[in-house]
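A look at the structure
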Amino acid sequence: METRRAEFWVPYRLIAPAVALEAGLVIGPLLVGFWYSLHNVRFFQIRSFVGWDNYMRVVTSPEVLGSLAATAIFAFFSLILTFALGFALALWLERDGRSATLMRAIVLVPYMIAMLVGSMLLKWLFSQEAGLSQLALGPLGMGDVSILANPKSAMAALVFNAMWRDAAFAMIMLLAGLKSIPPSLHLAARVDGADAWMRFRRITLPLLRIPILITVVRLLIHFVNILTFPLILTGGGPGNSTEVVVLRMFRLGFQDHILGPANALAILVFLANLALVAMLLLLFRRAGRL
Amino acid sequence: MTDVFAHALRRRAARLAVNALIGLFALLPILWGFLSSLKPTDKIVEFPPRLLPENPTLEHYARIFADNAAYFIANSIAVSAASVLLTLALGALAGYAIARFRFPGRDTLMVSTVAVMSIPIASLLVPTFTLLSATGLADTRLGLVLLYSAYQLPVVVWMLYGYFLSLPVEVENAARVDGCSPTRTLFKVVLPLSKPGLVAAGLFVLVFAWNDFVVAVTMTSSESARTFPVAIYFYLGFYGREWGPLLAASIVSIVPIVAIFVFLQRHFVSGLTGGGVKG
């Protein structure tokens, strides 16, 4: 009896340090941030309680609204293109063999290196000084166009950055799903005379539904919260054309030091994420992992 | 017969061409950055650009090391190593509890683990900075270690939980019968059997901590706590349009990651799907 009572607390003692760390550094900041978002804050000092004023200021600010539009455009195109490329890579590199293994590793390199470094290398690739864009666009009569100085092409460069880095992530997630499809299904369909397209439509797609949804939601969460790509590659410019919402929040908090509105925006971004994460959890539950 | 042969050959050539295209897409930006970093300053912006440097030089690499790069790299190594150790220690305890005990709150804990894993760090930055400044942990290496551990702990718990489940429970039962406490069993029996799992989880934290820029740039301001990626970011302002040192620093930061990746790739991919996809 004595030992059993002692045993009861063992798992709680084992998880206590982990729970404490998460509570302190993930939940704690959110509570503090929420508290600050309800106040007028000057130079890290809370001045006065202002209720929802900061939230009103944030949601009516033209800069924030503009940044929401930029985020939507970026996330939409990045999601479609990154997913499509990742899926194509997964199907192409699914088979065993040395060349497929090597190619999978090569595709993963942009994903493995620091986002900062990746964006820096692309900034150099796209910059006018490197001369590569001039060399490529010159024959089209656009030789003196700087890719990063035009709002549309700067956004396109940002989407390219997303594809270049994150297609590998989509690929790995979908490869894991593809591996779980028993090869006998494809074999049987083949015997019955189904061609490759038919097998893809009737076997691969339906059986991959949940992995596809999970990949899409995880990519979406990642793109909605993007900071490093625009901070390094475009600096949010030209003008504010590529200033996404997290970059706006970053600038409010860490460059302008307006902590009240910055925390209000952070809490709003967090709530938006919560909705996406809830979606993800539902998908996991359906996938039968939890 | 020759037709079949020619057909196979054509297929092979097509496959090779597609693979070459994929490789070019993935590696060209890195390769171009590397080649440019070897050119003397006046040749970097030469037009039309030359792919291979004419007189390769290491001057830009020498320059960043003259500008304190070694100190920032040491900071990065220290912070990364400490984060790995702390995360593995806490992750092993919690992962073991979930894998081997049934207790009230276990399901909630597992759902919260996945939920916290999915919360993007970006949405936490401003509040976290607010909290750290209030507690004096802002602008310290300790603060970074705690944050990196907090952010990677859910993934590590999940990975180690999966690994512990795959171990035979009989050995542990034997240890328990012999009078080992659960914690002692974990450290003396389970962990020594879990090296591959620990390596995979540790690598995950290591790469995250080594690569992180966003957390470090927001939570630190002085040079004493500056990690290498933040240093690269500051080089961007410091060197302005001087691409030589910037590219050299970028390449230096890539080298250890690529080295780890080449030697330990096997361990790696298992972590990416963590919180996973397949049943």
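This part is about the interface of chain A and chain B. With 89 residues of chain A at the contact, the number on the chain B side is 87 residues. Both sides of the chain A and chain B interface together cover about 8,200 Å² of buried area, and 80% of this is carbon and sulfur. Of all residues in chain A, A:L14, A:M112 and A:W124 give up the largest surface area on contact with chain B, accounting jointly for 10% of the area buried on that side. There are 0 salt bridges connecting chain A and chain B. Remark: the boundary between chain A and chain B carries 8 residue pairs in polar contact (both at pLDDT 80 or more). Here the side of chain A that touches chain B gets 20 residues from one element, more than from any other, and that element is helix α1 (residues 2-37) of chain A. Looking at the side of chain A that touches chain B residue by residue, the class counts come to 70 nonpolar, 11 polar and 8 charged.

A cluster of nonpolar side chains, A:I73, A:F76, A:F77, A:I80 and A:L81, forms an exposed patch at the surface whose accessible area comes to about 470 Å². For A:F77, a relative accessible area of 43% puts it in the partly exposed group.

Working note: regular strand, side chains alternate between the two faces of the sheet. Residue and element names in this part refer to chain A. Taking every second residue as pointing to the same face, the buried face of strand β1 (residues 39-42) carries H39 and V41, while none of N40 and R42 on the other face is buried. Taken together, the 4 bridges between β1 and strand β2 (residues 45-49) define a ladder with antiparallel strand orientation. Each residue of the ladder has a partner; that of V41, found in β2, is I46.

Glancing now at the domain arrangement of chain B. Residues and elements named next belong to chain B. Considered domain by domain, chain B is made up of domain 1 (2-57) and domain 2 (60-272). Measuring from the centre of the C-alpha atoms in domain 1 to the corresponding centre in domain 2 gives 34 Å. The interface of domain 1 with domain 2 comprises 10 residues on the first partner and 8 residues on the second. Across the domain 1-domain 2 interface, the total number found is 2 residue pairs in polar contact (both at pLDDT 80 or more). Breaking the side of domain 1 that touches domain 2 down by element, the ones donating at least two residues are α1 (2-37) and α2 (41-44). With 5 residues, α1 is the largest single contributor of residues to the side of domain 1 that touches domain 2. Each residue belonging to the side of domain 1 that touches domain 2 can be placed in one class, and the counts come to 5 nonpolar, 4 polar and 1 charged.

A few words now on empty space enclosed by the protein. In this approach, a probe sized like a water molecule rolls over the atoms, and the result shows the empty space that is left. If you walk through the whole model with that rule in mind, you get 4 cavities of 30 Å³ or more. Looking at the second largest cavity, the residues that line it are A:L89, A:V107, A:M163, A:W164, A:R165, A:A167, A:A168, B:F25 and B:A26. Going through the elements one at a time, α7 (151-179) of chain A together with α1 of chain B are the ones with two or more residues in the lining of the second largest cavity. Element by element, the count of residues in the lining of the second largest cavity is highest for α7(A), at 5 residues. Classifying every residue of the lining of the second largest cavity gives 8 nonpolar, no polar and 1 charged.

Of the volumes computed, that of the largest pocket is approximately 790 Å³. Around the largest pocket sit 18 residues that line it, and A:L91, A:E94, A:R95, A:H186 and A:R199 are the ones nearest its centre. Sorting the residues of the lining of the largest pocket by element identifies α3 (62-92), α7, α8 (183-191) and α9 (196-207) of chain A together with α1 of chain B as the ones contributing at least two each. Looking at the lining of the largest pocket, its residues break down into 8 nonpolar, 2 polar and 8 charged.

Further remarks concern the packing of helix α4 (residues 69-100) of chain B against helix α10 (residues 195-211) of chain B. Residues and elements named next belong to chain B. Contact pair α4 / α10: the axes reach a minimum separation of 9 Å and the direction vectors enclose 145°. Viewed along their axes, α4 and α10 form a crossing whose handedness is right-handed. Where α4 abuts α10, its residues I73, S76, I77, S80, S83, V84, T87 and L88 lie against L198, A201, G202, V205, L206, A209 and W210.

Residue and element names in this part refer to chain A. Going through the model one piece at a time under the given rule, you end up with 7 salt bridges over all chains. Here R248 and E243 are joined by a salt bridge, their closest N and O atoms 2.8 Å apart. No difference in accessibility class separates R248 from E243, as the two residues are buried.

End to end, α10(B) covers 24 Å across 17 residues, agreeing with the expected 24 Å (1.5 Å per residue, within 8%). Burial analysis of α10(B) places 13 of its 17 residues in the buried class, the great majority of the element.

A few words on the packing of helix α13 (residues 259-287) of chain A against helix α6 (residues 125-135) of chain B. At a minimum axis separation of 8 Å, α13(A) and α6(B) run at an interaxial angle of 130°. Classed by the angle they form, the pair α13(A) and α6(B) counts as oblique. Counted together, A:L259, A:A262, A:N263 and A:A266 of α13(A) and B:V126, B:P127 and B:T130 of α6(B) form the full contact between these two elements. Across the contact of α13(A) with α6(B), the residue classes tally to 5 nonpolar, 2 polar and no charged.

All names here are of chain B. Positive phi, close to 75°, is recorded for N68, a residue that is not glycine. Topologically, N68 is positioned in the loop between α3 (59-66) and α4. One non-glycine residue with positive phi stands out, namely D139, at about 65°. Structurally, D139 is set in the loop between α6 and α7 (141-165).

Reading guide: rules and limits
- Residues numbered from 1 in each chain as written.
- Chains lettered and ligands numbered in written order.
- Predicted model: local features only at pLDDT ≥ 70, side-chain atom pairs only at ≥ 80, totals over all residues.
- Heavy atoms only, no water.
- Contact = heavy atoms within 4.5 Å.
- Buried area = accessible area lost by both parts, 1.4 Å probe.
- Salt bridge = Lys/Arg side-chain N within 4 Å of Asp/Glu carboxyl O.
- Polar contact = N/O pair within 3.5 Å; in protein donor to acceptor, adjacent residues only side chain to side chain.
- Helix = DSSP H or I, 4+ residues; strand = E, 2+ residues; numbered from the N terminus.
- Nonpolar A, V, L, I, M, F, W, Y, C, P; charged D, E, K, R; others polar.
- Patch = residues over 30% accessible without salt bridge, like charges linked within 9 Å, V, L, I, M, F, W, Y side chains within 5 Å.
- Areas by Shrake-Rupley, 256 points an atom, 1.4 Å probe, with all protein chains shown as cover.
- Buried < 20%, exposed > 50% of the residue type's maximum accessible area, 1.4 Å probe, protein only.
- Pairing = 2+ DSSP bridges.
- Domains from an automatic or database assignment.
- 1 Å grid on protein atoms, 1.4 Å probe; cavity = no way out; pocket = protein on both sides within 12 Å on 5 of 7 lines; lining within 4 Å.
- Points joined across faces, edges and corners; volume = space filled by probe spheres on them.
- Axes fitted to C-alpha atoms, helices over the stretch in contact; angles between N-to-C directions.
- Left-handed = near helix turned anticlockwise from the far one by under 90°.
- Expected span 1.5 Å × (residues − 1).
- Parallel < 35°, antiparallel > 145°, perpendicular 65-115°, else oblique.

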